[in-house]
Protein chains: 2
Amino acid sequence: MVTMGAALLAATSALAQNSATATSPDGDVQVSVSIDGDGRAAYAVNRKGKAILAPSKLGFLLTDAVKIDRRLSITGQETRDFDENWTQPWGEWKTIRNRYRELKVHFKETTALARVFSVTFRLYDDGVGFRYEFPEQPNLAHANIADELTEFAFASDGIAWWKPAFLWNREEYLYNKTPLSAVSNADTPITIKLADGTHVALHEAALVDYSGMAVSRTEGTTLRAALHPGAGEPKVQKKGAWTTPWRSLIIADDAAGVYHSHLMLNLNEPNKLGDVSWIKPGKFAGVWWNMIKGEWSWARGPKHGATNENVKRYIDFASANKIPHLLVEGWNIGWDGDWFGNGYDMDFAKPTEDFDVDMLVAYGKKKGVRLIGHHETGGAATHYEKQFDTAFKFAADHDYMVVKTGYVTDAGQMEREDADGKKYREWHQGQWMVNHQLRVVETAARYKIGIDSHEPVKGTGLHRTYPNWVAREGMRGMEYNAWPGKNPPEHEANVVFTRMLEGPMDFTPGILSLKGSDDSDLLSTIAKQLALYVVIYSPVQMVADTPENYAKYPGPLKFIRDVPTDWQETRVLNAEIGDFVTIARKERGGENWYIGAVGDEEARTLSFKLDFLNPGTSYVAEIYRDGDEADYRTEKRHSIVIESKTLRNTDSLTLQVAPGGGFAIRLVPAKGK
Amino acid sequence: MVTMGAALLAATSALAQNSATATSPDGDVQVSVSIDGDGRAAYAVNRKGKAILAPSKLGFLLTDAVKIDRRLSITGQETRDFDENWTQPWGEWKTIRNRYRELKVHFKETTALARVFSVTFRLYDDGVGFRYEFPEQPNLAHANIADELTEFAFASDGIAWWKPAFLWNREEYLYNKTPLSAVSNADTPITIKLADGTHVALHEAALVDYSGMAVSRTEGTTLRAALHPGAGEPKVQKKGAWTTPWRSLIIADDAAGVYHSHLMLNLNEPNKLGDVSWIKPGKFAGVWWNMIKGEWSWARGPKHGATNENVKRYIDFASANKIPHLLVEGWNIGWDGDWFGNGYDMDFAKPTEDFDVDMLVAYGKKKGVRLIGHHETGGAATHYEKQFDTAFKFAADHDYMVVKTGYVTDAGQMEREDADGKKYREWHQGQWMVNHQLRVVETAARYKIGIDSHEPVKGTGLHRTYPNWVAREGMRGMEYNAWPGKNPPEHEANVVFTRMLEGPMDFTPGILSLKGSDDSDLLSTIAKQLALYVVIYSPVQMVADTPENYAKYPGPLKFIRDVPTDWQETRVLNAEIGDFVTIARKERGGENWYIGAVGDEEARTLSFKLDFLNPGTSYVAEIYRDGDEADYRTEKRHSIVIESKTLRNTDSLTLQVAPGGGFAIRLVPAKGK
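Along every chain, residues carry numbers that run from 1 in the direction the sequence is written. Ligands are numbered from 1 and chains lettered from A, in the order in which they are written. With pLDDT at 70 or above as the cut-off, local features in this predicted model cover only qualifying residues; side-chain atom pairs require 80 or more to be listed or tallied, and sums for whole chains, interfaces and linings still use all residues. The side-chain numbers reported here are obtained from all heavy atoms of the structure, hydrogens and water having been left aside.

Here's the deal with the side chain of R122 of chain A
Residue and element names in this part refer to chain A. The topology assignment puts R122 in strand 8 (residues 116-124). Only protein chains enter the accessibility calculation, which uses a 1.4 Å probe; a residue is then buried when its area is under 20% of its type maximum, exposed when over 50%, and partly exposed in between. Looking at R122, the relative accessible area reads 14%, which means it is buried. Two N or O atoms form a polar contact when they lie within 3.5 Å of each other; inside protein one atom must be a possible hydrogen donor and the other a possible acceptor, and for residues adjacent in sequence the pair counts only when both atoms belong to side chains. Engagement of the side chain of R122 in a polar contact is seen with the side chain of E102, the distance being 2.8 Å. We call two residues in contact when some of their heavy atoms are within 4.5 Å. Beyond its immediate stretch of four places on either side in the chain, R122 contacts R80, Y100, R101, E102, G127, V128, G129, W246, N266 and L267. Here a helix means four or more residues in a row that DSSP labels H or I, a strand means two or more in a row labelled E, and each is numbered from the N terminus.

Next up, the structure:
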């Protein structure tokens, strides 16, 4: 039998009048909220008169009470306008405008339960964010959420760039490019190009005390929220008054517009940490690539990488190249056994015998290089929490500005221990880990330390609220180029319009040797490695290759030495997702501009205007471009041309990008005109 | 960082030799089991040398222990052959041959946990079934299963017929027809036609004390098990020794071959009930269609359907047409309030005042008609269990052969109450409901009563083990033709090769009036309604229209009166999934054959040989076919030709099928010869 009886259909007329609507400040984006004949609430999104989302249902499945879904009525609505400018302590833009119209719609069940909630929509000129807000109430004292029923019913098909959700390797999958109507289960951000060229990026903002949202295609072009699991418990557990994270849709005319949006940051709360001047954006070298390549080990023994000798040599390299930080992995006790998914031996206050931390910190101080700490938990999250204070006190005592964390274990294998010592297997994006990650960041902040999370919870713009959350991984970074199954040439042109919408990524660029493990070749040219310092944003950007390798590339190394990691403003000059992207950024607190471009496996020509430069000023352009025969498939991948030109804001530039290539440009105002 | 360290890669050589293989009795189907470099177990399936499944992973995610996935070794293997014939007490075939080769592979973790399990593969000439078997063991005393990691990695793409899983309306969705590579989350059976025409049906057999398996597409053409949820608990909870249901793949050259397979039944245990001669296949009328159409009500009041007067009239109709049973819905107390998803008023031993059960049972007995009971729980499953004995004693005391159950509530809204009165929201296909449904069937068996489950757990061949589980719904049946959004003409040609693989369906055919609610027209011809009695199998087949309507169609009604519901053998004469199917069935315990054919929205000609008839016998064929102008889109949907022919097994037949049409044939050996 069908589940809809005639009884419910009778409700139609009574509820049919329920509706609410609002438009963005510029009038382009419109949200309409309605209630159908069964009392189901839905919202729809239009832009410039075109339907982006058809009516999309709202609601929740609970594990121990009737779902919140049908038999709803709208009991009220309010709108308000907001407009402010705020400053990022660090970022891709210094000043961010936060201008939106807010529509708050109040819902109440028409049944005896009479549960109430509101949905607040924030309409921006370039998208929409909305969240559920539940007040404390007797009939929902505890909300044990089985899943969220929020739909994203796209009104038309399109091309989707997406990563599969819930698989063993977590966020570390290449992007699929398929019709939206062929998506299965995807993590967000998922970016969609509709038939008319409109680009939509679906994600979430301010993920706090909730489970990360993946999306599952139900039918046709309709996606539905699919929360990451709890460990044999409701996916989300709340009590009293609570809200969901913001479900966010960036909507723009093109790929560049998606990247230019500040919606993710604006949907987050302002800085809660106050003065964060102790976070100083900068590059870092690392005792790292040789481990990734398998030449050195994290574990102690003959191949141990984190030795006094190695670290001193890396400090010398960093110092000579004005690189203010040095990451050292494998510095602590705990790596010797089978730590993968089993980090119970990890001690984050106990260096190995061959790592004299006090001597090395002093040596670095003399040379202007600070160490970066590393806390690899091997998935033993509770074990890590027990060490929080000793671990971060150790880091602070040794003047670390940043600690890199790691959670190397498969999806669904994160270990939590409750007060009684019972163990649970959590998911990296589940509610408990979302809270754990924030505990790490808040603890670190108390010690004035920044966090660079690997195997993290996905980024949702929380670095606005916690500016010490300087970077994270959460995607296939450079390390994959050390191993079989390397990142394809199009990878970064996908990442810019998907993963990078989450916030800074510790991608670890700059492998000028273009060599991975077993002497394998990266699928990249040298010029592309330089371009990544502009194209991929992080306030803490790695200089990832070894000093020995950099010594062979003094010309290209100059760009890495020069390029900053903090910006006044950013412009995407041209882009097609997965094909190419050119980005220009202006140095924060300076007049220099930097341009980076990456392509895919095709050779192509990229042209762009320089009209963003200062009128009347002439600039010396230091151009690092692919050699004419450069090609990631041949030894010519090493072919790079470094040349200089004088350019003005009335000029345009046209440059060749080799297969697997790119280019990097530094523009410096010419002395005395 | 990637989750695979060098440490694990080192395991490769040590494990690489692990493998096992076996072939079906005829050698066509081959299974190969292997262990990869990370110690992950996989199985692959070939047929006639062609890869059907590429290596597909095995394993489990647990909520409170490390997953069973990597670091496995094969510690042993055994094969055995089996061949027997067994008899169905009722069914589409009387005699079933169960012939397979079994390969049992023993696995053990190479880690300290050293957990062990076996996977038993049963290789049939037309497919494969396999299940996991866990012995009792100290390191897995309790298995709290978060999900099953079993993959079905199809080696090539194909066309898939599938229903979405985990949506509010449970199994009641139309079939999607998409590339396999565009499936998202699907309930089983899912049937796939590969590029070379090979048909594969993926499902499960013997679903007992476990959660129903849906499949989720991970990437490309790989599906992975996705178990139906628990109510904020592990999806499956086991202790001691346990096994999974059989994961089953029917593999055949064509659609007909899929239907002809006995693999589903053979993977189930033999009859546990002993003598079930008290189950007598037969048709039933129903005080029902007028309620579905909204003309009568289940609730008491002026429109109440289950009145003495109505029921007596329906008994008279059934008696006059040799229909041995009559379903009466709305006969009991509990329907007056808002019972949808809230069946707490339902009392299955308390008839309404206007339903004199003793009088009606006596009246029926005199006329040779037994009543069929109806237990609509409205999703209050525990409330139903508390009434089991009174409810089934009531049914037995009133000589019911069958009880129809109902669980009308949305997915994830089934209500369970624990001993402390705490309530949980279960899923129709979750472990608890799987066990509940079997408790219903076992309780009914003690009272010698059959069960026809609506809003059921999907069928997995358990009617072999519990022959009183005579039918179930679990798909969009005829009722949808009463409402807006009617079943399309292709529906039944989809259902035969998907839902019907589960076992008997209470589809409720025979709406000769071709009229639904508000005088709406079915998308069917009259001849197709007759064909459904042959095409859709159930041992208890409804005669679903009203006596008043049947009175208008004496000619077609004769076929319904004649057609049996129990068969000696069955042959699919021709078929394309979703387009057309012709089925011939021989009456059990008789010499008559019946043929039914249904098409889709297209007009077409169907031809077939009669070589299955008895050589040397001539048969009188009573043919019920679409009139030459018949069309489901016009009033000509009522056009039917009833004609007679004499035919022999050397003859062929060619018949026209109208848009939305079909035909039905009764073949009776001619007297004297």
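Remarks on the UniProt feature "domain: Glycosyl-hydrolase 97 catalytic" (unreviewed entry) in chain A
UniProt tags residues 288-474 of chain A as "domain: Glycosyl-hydrolase 97 catalytic" (unreviewed entry). In the segment residues 288-474 of chain A, helix accounts for 32% and strand for 16%; the C-alpha atoms at its two ends are 18 Å apart. UniProt positions are given in the numbering used here, feature names are shortened, and annotations may be inferred rather than shown by experiment.

Concerning the sheet that holds strand 27 (residues 450-453) of chain A
All names here are of chain A. An order of 28-27-24-23-22-21-29 is seen for the 7 strands of this open sheet, with the pairing classed as parallel. Bordering the open sheet on either side are strand 28 (471-472) and strand 29 (540-543), each of which pairs with just one other strand. The pairing of strand 23 (residues 370-376) with strand 24 (residues 402-406) spans 4 bridges and is parallel. Paired with E376 across the strands is G406, a residue of strand 24. The pairing criterion for strands is at least two bridges between them, as found by DSSP.

A closer look at the interface of chain B and chain A
Every contact between the two is made by 60 residues of chain B and, on the other side, 61 residues of chain A. Summed over both partners, buried area is the accessible surface (1.4 Å probe) that two parts give up on being assembled. Summing the contributions of chain B and of chain A, the shared interface buries around 4500 Å²; its carbon and sulfur component is 50%. Throughout this description, the term salt bridge denotes a Lys or Arg side-chain nitrogen within 4 Å of a carboxyl oxygen of Asp or Glu. Here chain B is connected to chain A by 8 salt bridges. There are 19 residue pairs in polar contact (both at pLDDT 80 or more) connecting chain B and chain A. Looking at the side of chain B that touches chain A, the element that brings in the most residues is strand 28 (residues 423-426) of chain B, giving 3 residues. Amino acids are sorted into nonpolar (Ala, Val, Leu, Ile, Met, Phe, Trp, Tyr, Cys and Pro), charged (Asp, Glu, Lys and Arg) and polar (every other residue, Gly among them). Residue classes in the side of chain B that touches chain A are distributed as 27 nonpolar, 13 polar and 20 charged.

Observations concerning the packing of aromatic side chains
Aromatic ring pairs: the centre-centre distance and the angle between the two ring planes describe each pair. Residues and elements named next belong to chain B. Pairing of aromatic side chains here covers Phe, Tyr and the six-membered ring of Trp, requires ring centres within 6.5 Å, and sorts the geometry by plane angle: under 30 degrees stacked, over 60 edge-to-face, intermediate tilted. A complete count under the given rule lists 70 aromatic pairs over all chains for this structure. On the basis of an interplanar angle of 65° and a centroid distance of 5.9 Å, the ring pair of W567 and Y594 is categorised as edge-to-face. Taken together, the positions of W567 in strand 32 (residues 567-576) and Y594 in strand 34 (residues 593-598) put the pair 27 residues apart, joining distant regions of the chain. Since its relative accessible area comes to 1%, Y594 is described here as buried.

Describing the packing of helix 9 (residues 388-397) of chain A against helix 10 (residues 431-446) of chain A
All names here are of chain A. Running from amino to carboxyl end, helix 9 crosses helix 10 at an angle of 45°, the nearest separation of the two axes being 10 Å. Looking at the two axes, helix 9 sits oblique to helix 10. In this structure, helix 9 meets helix 10 at a crossing whose hand is right-handed. Only H436, R439, V440, T443, A444 and R446 of helix 10 make contact with helix 9, whose side of the interface consists of F388, D389 and F392. A per-class count over the contact of helix 9 with helix 10 returns 4 nonpolar, 2 polar and 3 charged. Inter-axis angles, ranging from 0 to 180 degrees, are taken between N-to-C directions of lines fitted to C-alpha atoms, where helices are fitted over the stretch in contact. In this scheme, roughly parallel covers angles under 35 degrees and roughly antiparallel covers those over 145, while 65 to 115 is roughly perpendicular and the rest are oblique. By convention the crossing between two helices is left-handed if the near helix lies anticlockwise of the far one by an angle smaller than a right angle, and right-handed if it lies clockwise.

Section: the sheet that holds strand 37 (residues 640-647) of chain B
Residue and element names in this part refer to chain B. Taken together, the 6 strands give an open sheet; going across it, the order is 32-33-34-39-36-37, and neighbouring strands pair in antiparallel fashion. Across the chains shown, the open sheet's two edge strands, defined by having one partner strand only, are strand 32 and strand 37. This sheet shows a mean twist of 15° between the axes of neighbouring strands, independent of strand direction. Bridge analysis of strand 36 (residues 619-626) against strand 37 gives 8 bridges, and the strand direction is antiparallel. The residue of strand 37 that forms the bridge with D626 is I640. Lying over the sheet, helix 14 (residues 554-562) contacts strand 34, strand 36, strand 37 and strand 39 (662-669), oriented at roughly 125° with respect to strand 36.

Section: the relation of the copies chain B and chain A
Each copy of the sequence occupies a distinct position, and chain B is placed on chain A by a rotation of 180° and an axial shift of 0.0 Å, giving an RMSD of 0.0 Å. Such a turn and shift between the copies fits a two-fold axis. Residue by residue, 100% of the interface of chain B is reproduced at the interface of chain A, so both copies engage with the same surface. A residue counts toward the fit only if its pLDDT is at least 70 in both copies, and the copies are then superposed by least squares on the C-alpha atoms of those residues.

Focus on the packing of helix 12 (residues 526-535) of chain B against helix 14 of chain B
All names here are of chain B. Where helix 12 meets helix 14, the axes come as close as 10 Å, and the angle between the chain directions of the two elements is 5°. Judged by the inter-axis angle, helix 12 sits roughly parallel to helix 14. Here helix 12 contributes I526, L530, Y533 and V534 to the contact with helix 14, which in turn contributes P556, F559 and I560. Across the contact of helix 12 with helix 14, the residue classes tally to 7 nonpolar, no polar and no charged.

Some points on the environment of K367 of chain B
Residues and elements named next belong to chain B. You can see K367 is positioned in helix 7 (residues 357-367). Since its relative accessible area comes to 32%, K367 is described here as partly exposed. Separated by 52 residues in the primary sequence, K367 and I315 place their C-alpha atoms 7.4 Å from one another. When residues no more than four places from it in sequence are discounted, the contact partners of K367 are I315, D316 and S319.

Some points on unusual backbone geometry
All names here are of chain A. Backbone torsion omega between T188 and P189 reads 0°, so that peptide bond is classified as cis. Within the fold, P189 resides in strand 14 (residues 185-194). If you check the backbone angles, D519 has positive phi at about 60° while not being a glycine. The exposure class of D519 is exposed, given its relative accessible area of 55%.

Focus on the domain arrangement of chain A
In many reports, interface size means the accessible area that the parts give up when they come together. Residue and element names in this part refer to chain A. Along its sequence, chain A is carved into domain 1 (19-267) and domain 2 (282-566). Each domain's extent is set by a domain assignment, obtained either automatically or from a database. Computed from C-alpha coordinates alone, the two centres of domain 1 and domain 2 are separated by 32 Å. Between domain 1 and domain 2, the contact holds 50 residues from the first and 50 residues from the second. Counting each side, the surface lost to burial between domain 1 and domain 2 is near 4100 Å², with a carbon and sulfur contribution of 59%. Of all residues in domain 1, W90, E172 and Y175 give up the largest surface area on contact with domain 2, accounting jointly for 18% of the area buried on that side. There are 3 salt bridges connecting domain 1 and domain 2. The salt bridge involving R416 is made with E233; its shortest N-O contact spans 3.3 Å. Put simply, the parts of the chain that give the side of domain 1 that touches domain 2 at least two residues each are strand 6 (72-87), strand 12 (158-164), strand 14, strand 15 (199-205), strand 18 (236-239), helix 3 (255-260) and helix 4 (263-266).

Looking at the environment of T150 of chain B
Residues and elements named next belong to chain B. Along the chain, T150 falls in the loop between strand 10 (142-148) and strand 11 (151-153). Taking relative accessible area as the criterion, T150 reaches 0% and is therefore assigned buried. As a C-alpha pair, T150 and L223 span 73 residues in sequence and 8.7 Å in three-dimensional space. Non-local contacts of T150, meaning those with residues more than four positions away in its chain, are made with Y43, K57, L58, G59, F130, Y132, L223, R224 and A225.

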